[in-house]
Amino acid sequence: EYGCRIFCRLLEFTATNPFTIQLIDSCLEVLETMVCHTYGHHVVESVLDSGLQRQRAFVLQFLKDNHARMTSNRSGAFVVQKALSVANDFDRAQMV
């Protein structure tokens, strides 16, 4: 329940640390599970806010490819909403 907060703080303060990068990359390997999880979606939202550019791009591409499925899940809808707020115009247009 509170573990997601640790991941979020790591992203906020140490996103470029090699250990944080490895940890977040591991989370992205199970991205669909993270997006749809009650607490995991907070981590994905933090990736969109504070992650490396390639990590953000990976999440945005996943959401573009799985938009309908993700919006039908409560936690997934929160992530899509966050993505729409942080994406550039081009990526935002591809998501809707």
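Structure shown above.
Residues numbered from 1 in each chain as written. Predicted model: local features only at pLDDT ≥ 70, side-chain atom pairs only at ≥ 80, totals over all residues. Heavy atoms only, no water.

**Overview of the overall build of the protein**
- Tallying secondary structure elements over the protein gives 8 helices and 0 strands in all.
- Relative to the compact-globule value of 12 Å for 96 residues, the protein shows a C-alpha radius of gyration of 12 Å, a close match.
- Expressed along its principal axes, the backbone C-alpha trace of the protein runs to roughly 35 × 25 × 20 Å.
- Every one of the 96 residues in the protein was classed for burial, and the buried ones make up 39%.
- The long-range fraction of contacts in the protein, counting pairs at least 24 apart against all pairs at least 6 apart in sequence, stands at 61%.
- Surface accessibility of the protein: about 5,600 Å² in total, with carbon and sulfur atoms responsible for 56%.
- Of the charged side chains in the protein, 9 are positive and 10 negative, and the gap between their average positions amounts to 3 Å. (Helix = DSSP H or I, 4+ residues; strand = E, 2+ residues; numbered from the N terminus. Rg over C-alpha atoms; globule rule 2.2 N^0.38 Å. Buried < 20%, exposed > 50% of the residue type's maximum accessible area, 1.4 Å probe, protein only. Contact = heavy atoms within 4.5 Å. Areas by Shrake-Rupley, 256 points an atom, 1.4 Å probe, with all protein chains shown as cover. Lys, Arg positive; Asp, Glu negative; His and termini not counted. Charge placed at Lys NZ, Arg CZ, Asp CG, Glu CD.)

**Some details on the packing of helix 2 (residues 18–28) against helix 5 (residues 53–65)**
- The interhelical angle for the contact between helix 2 and helix 5, taken along N-to-C directions, is 10°, at an axis separation of 11 Å. Taken together, the axes of helix 2 and helix 5 lie roughly parallel to each other. Each of Ile21, Ile24, Asp25 and Leu28 in helix 2 lies in contact with helix 5, whose residues at this interface are Arg54, Gln55, Phe58 and Val59.
- A per-class count over the contact of helix 2 with helix 5 returns 5 nonpolar, 1 polar and 2 charged. (Axes fitted to C-alpha atoms, helices over the stretch in contact; angles between N-to-C directions. Parallel < 35°, antiparallel > 145°, perpendicular 65-115°, else oblique. Nonpolar A, V, L, I, M, F, W, Y, C, P; charged D, E, K, R; others polar.)

**Thoughts on the state of the cysteines**
- In the structure shown here, the tally under the stated rule is 0 disulfides.
- Just so you know, Cys8 is unpaired, no disulfide at all, and the nearest cysteine sulfur is the one on Cys4, 5.5 Å from it.
- Judged by its relative accessible area of 7%, Cys8 is buried.
- Not engaged in a disulfide, the cysteine Cys27 finds its nearest cysteine sulfur in Cys8; these two sulfurs lie 9.9 Å apart.
- Overall, Cys27 belongs to the buried group, its relative accessible area being 12%. (Disulfide = S-S within 2.5 Å.)

**Re the pattern of salt bridges**
- Here the structure, examined in full by the defined rule, presents 6 salt bridges.
- The shortest N-O distance in the salt bridge between Asp91 and Lys64 comes to 2.7 Å. Residue Asp91 is found in helix 8 (residues 89–95), and its partner Lys64 is found in helix 5; the two are separated by 27 residues along the sequence. For the pair shown, Asp91 and Lys64 are each scored as buried.
- Note that Arg92 is salt-bridged to Asp89, the shortest N-O span being 2.6 Å. Here the residue Arg92 and the residue Asp89 both occupy positions in helix 8, the gap between them amounting to 3 residues, near one helical turn.
- In this structure Arg92 comes out as partly exposed when scored by relative accessible area, which is 28%.
- Using a relative accessible area of 60% as the deciding quantity, one classes Asp89 as exposed. (Salt bridge = Lys/Arg side-chain N within 4 Å of Asp/Glu carboxyl O.)

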